[in-house]
Each structure stands twice: as structure tokens, then as C-alpha cells.
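One-letter residues, chain by chain:
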Amino acid sequence: MHRNRQSMKHIYITLAALLFPLLAVAQYQVQNSSFEDWEEISANGKTGKEPIGWNSYLSATGSHVPLVNNSYALLEQSTEVRPGSTGQYSAKIKARMMLAKNLYGNLTTGGVVANGMNPADAKQYYNYTDPANGQAMSFSGRPDSLKVWVKLNAKEGKDGLVSAILHTYGTYKTPIDTADVFVSTARPVAQAVQTVVANGEWTCYSIPFGYTPGVSGQPSFALVSMQTSNVPGQGDNAAEMLVDDMEFVYSSTLASIRYAGKNILGQTEVMEEFDESFLSITANGTSA
């Protein structure tokens, strides 16, 4: 019996050794998804704070960035957190009027472009991933869903948006316009999109991912966007959206651990010395 226990212990240790290098190089959650860590940003003649790993209009590029940020804070570090949170902060995203146009509040893991007078024009206002200039959030998981807490204070029917696009290596933008000058070279691996109801209450959303048929393997980046309007250029121009404790959820479980052709899942002992070349692990669900 001593030999059997040692063999099983050897399996556990070896499994841990196999998994550790994978976990060390892969990124299965985006940076600072609880919005606890903030840094001071000085850009475009303005100074403010952004969550580390996230970008807003404050750090945007484009011809109309000075106008967008003129005398108005569109992102704040808030001490109002979701019910049950162990953190101290959330992100408060704000909308405003900009010369008779509705400028929706915006926070993203990518970069932000504000390049004209019309926030409803996807060629002028968009979020993007570009590894070449560092506007990219590395990500290599295949989650089943996205979980996030949101509170949207806005007029009834003026709803917000949460979206997450997992894509291959390269450039990518959202929203997409058929006449875009910006060219997306990456392919979407999966996407999760959720309309945020303007009910003025903290609401926990669980948003399933839809995976693109024919696109296999792990993504390279996650382009996550939080916006006060689910239709660019529309929505409530006085909307405020609080976002807290976002996480990617992996629901898959082990389906089998096969050793030398035999399923040993749930077994406490094995009857032979362990040879990892005979080991096969499978799981169910997308996260597999």
C-alpha cells in the first residue's frame, strides 16, 4: 500500500509540475479587473486618474481629444463599491454633451480614438487593440462567460453596454465600420456582449461567450469595453455608470484522467509506477 500511495502522490506532483509552466506564461484574467489600482495620467494637457491597465478619453488619441476632455472629468475613481465587495474602489464612467453631440462614457483595455465631431461615427470614435503601440491587453484563456457588477444611473431606456472581444494577434477595433480606415488584422475568437439596464441599482451580469466557428486555439488579446450607451452617439448625456469586480469565468470540469487507457478520475490509488507518457487529461466545456 505504501508503494501505491507514493505512486499517486507522484501523479499529483507531476500534474502540478506540468500545469505550473502553463499558468506562469498564460493570462486568464485581465489586469486590475477589480479596479482597485489607479495611476495618475498626464496627457493632452489634462491630468487625472485611470485604472492601471485600462484607458479612457483622458489617454485617447485623435484630433478632438482636447475638446473631449475640456473642463470635464469623464472617469472617476469611486469609493462606491458593489454589495459584498472586499475592495475599496470602483470605476465611475460619465457621459456628457459635446457641442450638441452626445459623448458616451468609455473605458477599455485597449486604446481610445476621438477623431471628429460625431461620436456616433465608428470611423471617428472607437476602441482598439494595437500591439505595436502598447495599446493591448494580453489574454490567452478560453472562458465560458464574463461576470461583472454594473450600476447605471441614466434615464429609463437609455441603456449602457459591456463587451469583451477575445481575438488573435494583430490589430482590432470596435465598433466596426465597413468604410474604416483602421484595418483590423486580427480575427475574433469569441465575443460577449451585454446591454446594461439603466435601473440605478448594482446588478451582477453573467455574460456568455460565443465562439467564432472555425477559429480554434487560444486568443492573444482581450478588448474589453465599458460604455454608458449601447448605441454610440445616443443614450443619456448625463449618464453615470459604475463598474466593479469583473472576472472571466471558467466553468469546465475534468471529464477524465486516463492513465494507460484507464479512467482514474476519482481513484485514490494506482497499482503501478507512474509514467507521464501514459497520462491523458480531458475536460468538458469551452474552458477545456
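This part takes up the overall build of the chain. Tallying secondary structure elements over the chain gives 2 helices and 20 strands in all. Long-range contacts, defined here as pairs at least 24 residues apart, represent 68% of the contacts in the chain between residues at least 6 apart. Surface summary for the chain: the accessible area is close to 13700 Å², and the carbon and sulfur share equals 51%.

On to the pattern of salt bridges. All told, the structure shown has 5 salt bridges when counted by the stated rule. The residue E80 makes a salt bridge to K151 at a minimum N-O spacing of 2.6 Å. Of this pair, E80 sits in the loop between β3 (75-78) and β4 (90-94) while K151 sits in strand β10 (residues 145-153), and the two are 71 residues apart along the sequence. Of the residues examined, E80 reaches a relative accessible area of 30% and is grouped as partly exposed. Of the charged contacts in the structure, one is a salt bridge between E240 and K92, with a shortest N-O distance of 3.8 Å. Within this pair, whereas E240 is found in strand β17 (residues 240-249), its partner K92 is found in strand β4, the two being separated by 148 residues in sequence. When its relative accessible area of 27% is taken as the criterion, E240 is described as partly exposed.

The strand order β8-β9-β12 describes an open sheet built from 3 strands, whose pairing is antiparallel. At either margin of the open sheet sits one strand with a lone partner, and together these are β8 (111-114) and β12 (172-174). Sheet twist, expressed as the mean angle between neighbouring strand axes with direction ignored, is 30°. As paired elements, β8 and strand β9 (residues 125-129) share 4 bridges and run antiparallel to each other.

Let's shift gears to the side chain of D244. Residue position: D244 is located in strand β17. Put simply, D244 is tucked away with no salt bridge, and the nearest opposite charge, on R82, sits 4.9 Å away. Within the local environment of D244, its side chain forms a polar contact with the backbone nitrogen of R82, the two atoms lying 3.0 Å apart. Here D244 is in contact with S34, F35, V81, R82, S85, Y89, S90, V148, W149 and W202, once residues within four sequence places are set aside.

Now for the sheet that holds strand β15 (residues 210-211). Ordered in space as β7-β16-β11-β13-β15, the 5 strands form an open sheet in which the pairing is antiparallel. In this open sheet, the two edge strands, each paired with only one partner strand, are β7 (106-108) and β15.

Applying the stated criterion across every chain yields a total of 8 aromatic pairs. Where F35 meets W54, the ring centres are 4.9 Å apart and the plane angle is 45°; that geometry is what we call tilted. Of the two residues, F35 sits in the loop between α1 (2-25) and β1 (38-43) while W54 sits in the loop between β2 (46-51) and α2 (65-68), which places them 19 residues apart along the sequence. The pair formed by F35 and W54 is uniform in burial state, with each residue classed as buried. Seen from their ring centres, Y169 and F221 are 5.5 Å apart, and the 45° between their planes marks the pair as tilted. Residue Y169 is found in the loop between β11 (160-167) and β12, and its partner F221 is found in strand β16 (residues 221-227); the two are separated by 52 residues along the sequence. Take Y169: its relative accessible area is 58%, and that puts it in the exposed class. Since its relative accessible area comes to 6%, F221 is described here as buried. Chaining the aromatic ring pairs together yields one cluster made of F139, F209, Y211 and F248.

As for its placement among the helices and strands, T228 is situated in the loop between β16 and β17. On the accessibility criterion, T228 (1% relative accessible area) is buried. At a separation of 2.7 Å, a polar atom in the side chain of T228 contacts the main-chain amide nitrogen of G105. Excluding its chain neighbours within four sequence positions, the residues that come into contact with T228 are I93, K94, A95, Y104, G105, L152, K158, D159, G160, A239 and M241.

This part covers the layout of surface pockets. What the second largest pocket holds in volume is close to 190 Å³. Around the second largest pocket sit 13 residues that line it, and L58, N69, Y72, A73 and L74 are the ones nearest its centre. Considering every element that reaches the lining of the second largest pocket, the biggest residue donor is β2, with 4 residues. Class assignment for the residues of the lining of the second largest pocket results in 6 nonpolar, 5 polar and 2 charged.

On to unusual backbone geometry, then. Here the amide bond leading from T174 into P175 is cis, since omega sits at 0°, within 30 degrees of zero. With respect to the secondary-structure elements, P175 resides in the loop between β12 and β13 (188-196). Despite not being glycine, N32 has its phi angle at roughly 55°, a positive value. Overall, N32 belongs to the buried group, its relative accessible area being 12%. For L99, which is not glycine, the phi dihedral falls at a positive 50°. Its place among the elements puts L99 in the loop between β5 (96-98) and β6 (101-103).

Analysis parameters
- Residues numbered from 1 in each chain as written.
- Predicted model: local features only at pLDDT ≥ 70, side-chain atom pairs only at ≥ 80, totals over all residues.
- Heavy atoms only, no water.
- Helix = DSSP H or I, 4+ residues; strand = E, 2+ residues; numbered from the N terminus.
- Contact = heavy atoms within 4.5 Å.
- Areas by Shrake-Rupley, 256 points an atom, 1.4 Å probe, with all protein chains shown as cover.
- Salt bridge = Lys/Arg side-chain N within 4 Å of Asp/Glu carboxyl O.
- Buried < 20%, exposed > 50% of the residue type's maximum accessible area, 1.4 Å probe, protein only.
- Pairing = 2+ DSSP bridges.
- Axes fitted to C-alpha atoms, helices over the stretch in contact; angles between N-to-C directions.
- Lys, Arg positive; Asp, Glu negative; His and termini not counted.
- Polar contact = N/O pair within 3.5 Å; in protein donor to acceptor, adjacent residues only side chain to side chain.
- Phe/Tyr/Trp six-rings, centres within 6.5 Å; stacked < 30°, edge-to-face > 60°.
- 1 Å grid on protein atoms, 1.4 Å probe; cavity = no way out; pocket = protein on both sides within 12 Å on 5 of 7 lines; lining within 4 Å.
- Points joined across faces, edges and corners; volume = space filled by probe spheres on them.
- Nonpolar A, V, L, I, M, F, W, Y, C, P; charged D, E, K, R; others polar.

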